[in-house]
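Each chain is listed here by its residues.
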Amino acid sequence: MDTRFTHLVGCRLPFQLAVLGGVGTTELAAAVSTKGGLGMVPYGVEPPATELGPSGIGFLIPYLPSLDVIAEAAGRVRVVEFFEGDPDESLVRAGHSGDALVSWQVGSADEGRAAEAAGCDLVVAQGVEAGGHVRGKVSLDELLPATLAAVGVPVVATGGVGTAERVGALIAAGADAVRVGTRFLACPECNTHPVYVEALLAAGASDTVLSDDFDDDGHWPAAVRVLASSLARARRTGNRSTMPPTREVEDPLAMACYAGTSVTDLTRIQPAAAVLRDLANRL
Ligand SMILES: Cc1cc2nc3c(=O)[nH]c(=O)nc-3n(C[C@H](O)[C@H](O)[C@H](O)COP(=O)(O)O)c2cc1C
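Residues numbered from 1 in each chain as written. Predicted model: local features only at pLDDT ≥ 70, side-chain atom pairs only at ≥ 80, totals over all residues.

Student: What's the story with the overall build of the protein in this structure? I'm lost.
Tutor: A count of helices and strands for the protein gives ten helices and eleven strands. For a compact globule of 283 residues, the expected C-alpha radius of gyration is about 19 Å, and the protein comes in at 17 Å, within 12% of that figure. Here the C-alpha coordinates of the protein stretch approximately 45 × 40 × 35 Å along the principal axes. When burial is assessed residue by residue, the protein has 56% of its 283 residues classed as buried. Counted over contacts in the protein with a minimum sequence separation of 6, partners at least 24 positions apart contribute 56%. (Helix = DSSP H or I, 4+ residues; strand = E, 2+ residues; numbered from the N terminus. Rg over C-alpha atoms; globule rule 2.2 N^0.38 Å. Buried ≥ 20, exposed ≤ 12 C-beta atoms within 10 Å, placed from the backbone. Contact = placed C-beta atoms within 7 Å.)

Shown next, in the form of structure tokens:
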């Protein structure tokens, strides 16, 4: 399927893997890029080889490296993306100077407008249903039309997307692409702790909560959506780190067990290519 996103980015599917801080891997991004989507890695993780297809690197503003490092990273991928901070022309220029497209994940139409004014080539509209780091305060169904009306650049829809029906409905509503995170957390390619995976498989949307508790002891500025059970345990242990449970940790359920409302649709362990096939079967 062709959209403004597929033309701009140069991929076959209007689909972006979410940046998954802590647990996202080169292998996961490579699987999505190979199958026609835009595979993303968090900054610090090696992006997949360019021959596999377009890929991108996501930067979290509270933990940014220097502009030179951003420009160098931008030289190795199709897209650099920023999140959790006001759109900033100097960051966009750093991305462009490395010849990448620049994307900004936003939580409001006004922020989308600011991202376009700062020079971004595309924006990601994040509904409050999203897992992990959440910028938005409104549902995706409210945010998507408002963002499409506010900006001229392609808009990617994200937050709580877990089925092919939902993917198809968002594209029909005007989204240029969809972005999915939580549905990939049980993939063998993802570095999620098996106990976290079990908890995700057992959970539904109502088992998730937005919380300000995981704030890296005052360094992290925004809410995160996690499994309520992990919030309860983290409160008992005093853990406030934004790091989700990777395979290596000892007390996974006391950590930020990120999950979007789409956790309802995460019901089995599947390779990333199979998850993408499921999600894209109406495209
Ligand atoms: C485990 C996890 C880690 C995340 N880490 C990041 C991150 O480092 N940077 C970022 O821009 N977004 C991050 N997000 C948010 C995603 O980019 C995206 O908005 C979200 O996954 C969409 O909702 P969904 O999980 O329901 O698909 C994370 C989400 C999850 C589930």
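There's more to say after this.
Student: Is there a simple way to explain the nonpolar core in this structure?
Tutor: Soluble globular proteins: nonpolar side chains tend toward being buried together. Counting 96 residues, the largest nonpolar core has Val 80, Val 123, Ala 125, Val 156 and Val 178 as the members making the most contacts within it. The two domains that each donate at least three residues to this core are domain 1 (4–186 + 268–279) and domain 2 (194–264). Setting aside its immediate chain neighbours within four residues, Val 80 contacts Gly 56, Ile 57, Phe 59, Ile 70, Ala 73, Ala 74, Gly 95, Ala 100 and Val 102. (Core = buried A, V, L, I, M, F, W, Y, C linked by C-beta atoms within 7 Å. Domains from an automatic or database assignment.)

Student: So what exactly am I meant to see when it comes to the site of the ligand here?
Tutor: Every one of the 27 residues lining the ligand counts as a neighbour, but Gly 21, Gly 131, Gly 132, Gly 181 and Gly 260 are closest to it. Those elements giving two or more residues to the shell around the ligand turn out to be β3 (55–60) and β7 (132–134). Considering only residue class, the shell around the ligand consists of twelve nonpolar, 14 polar and one charged. For the shell around the ligand, the two domains that each supply at least three residues are domain 1 (4–186 + 268–279) and domain 2 (194–264). (Near = placed C-beta within 6 Å. Nonpolar A, V, L, I, M, F, W, Y, C, P; charged D, E, K, R; others polar.)

Student: Before we go on, may I ask you to explain the pairing of strand β5 (residues 101–106) in this structure?
Tutor: Every other side chain in a regular strand lies on the same face of the sheet, so the side chains alternate between the two faces. Summarising burial for β5: six of the six residues are buried, a large majority. In β5, alternate side chains face the same way, and those of Leu 101, Ser 103 and Gln 105 on one face and Val 102, Trp 104 and Val 106 on the other are all buried. As defined by bridge partners, strand β4 (residues 79–83) adjoins β5 across five bridges and the pair is classed as parallel. Bridge pairing in β5 places Phe 83 opposite Gln 105. (Pairing = 2+ DSSP bridges.)

Student: Help me out: how do you make sense of helix α3 (residues 67–74) in this one?
Tutor: An α-helix turns once per 3.6 residues; consequently, residues spaced three or four apart project the same way. Those residues of α3 not exposed but buried are Ile 70, Ala 73 and Ala 74. Projection of α3 onto a plane perpendicular to its axis shows the buried side chains occupying an angular sector of 100 degrees, all on one side. Against the buried residues of α3 lie β3, β4 and α4 (89–97). (Arc of directions from axis to C-beta.)

Student: Please clarify how the sheet that holds β7 should be interpreted in this entry.
Tutor: The pairing of strands in a sheet comes from backbone hydrogen bonds and takes either a parallel or an antiparallel form. Read across the sheet, three strands follow the order β7-β11-β10 without closing on themselves; strand pairing throughout is antiparallel. Whereas interior strands pair on both sides, the edge strands pair on one side only; in this sheet they are β7 and β10 (208–211). With strand direction ignored, the average angle separating the axes of adjacent strands in the sheet is 30 degrees. Where helix α9 (residues 228–237) meets the sheet, it contacts β10 and β11 (223–227), and its direction lies at approximately 105 degrees from that of β11. (Axes fitted to C-alpha atoms, helices over the stretch in contact; angles between N-to-C directions.)

Student: It is not clear to me how the pairing of β11 should be interpreted in this structure. Could you clarify?
Tutor: Most of β11 sits inside the fold, with four of its five residues counted as buried. Sheet analysis places β7 next to β11, joined by three bridges and oriented antiparallel. From the neighbouring strand, Val 134 faces β11, where its bridge partner is Ala 223. Bridge analysis of β10 against β11 gives four bridges, and the strand direction is antiparallel.

Student: How should unusual backbone geometry be read in this particular structure?
Tutor: As a rule of thumb, non-glycine residues mostly have phi less than zero, and peptide bonds are mostly trans rather than cis. At Asp 216, a position not held by glycine, the phi torsion is positive, near 50 degrees. With respect to the helices and strands, the residue Asp 216 is situated in the loop between β10 and β11. For Asp 216, a count of 14 C-beta atoms within 10 Å gives the class partly exposed. In this model, Asp 217 sits at a positive phi of 55 degrees, which is unusual for a non-glycine residue.

Student: Any chance you could explain the sheet that holds β5 here in plain terms?
Tutor: Spatially, the eight strands line up as an open sheet ordered β1-β9-β8-β6-β5-β4-β3-β2, and their pairing is parallel. Strands with a single pairing partner mark the edges of an open sheet, and in this sheet they are β1 (15–17) and β2 (39–42). In this sheet, adjacent strand axes meet at a mean angle of 25 degrees when their direction is disregarded. Sheet topology places strand β8 (residues 155–158) next to strand β9 (residues 177–180); three bridges connect them, and they run parallel. Bridge pairing links Ala 157 to Val 178 in β9.

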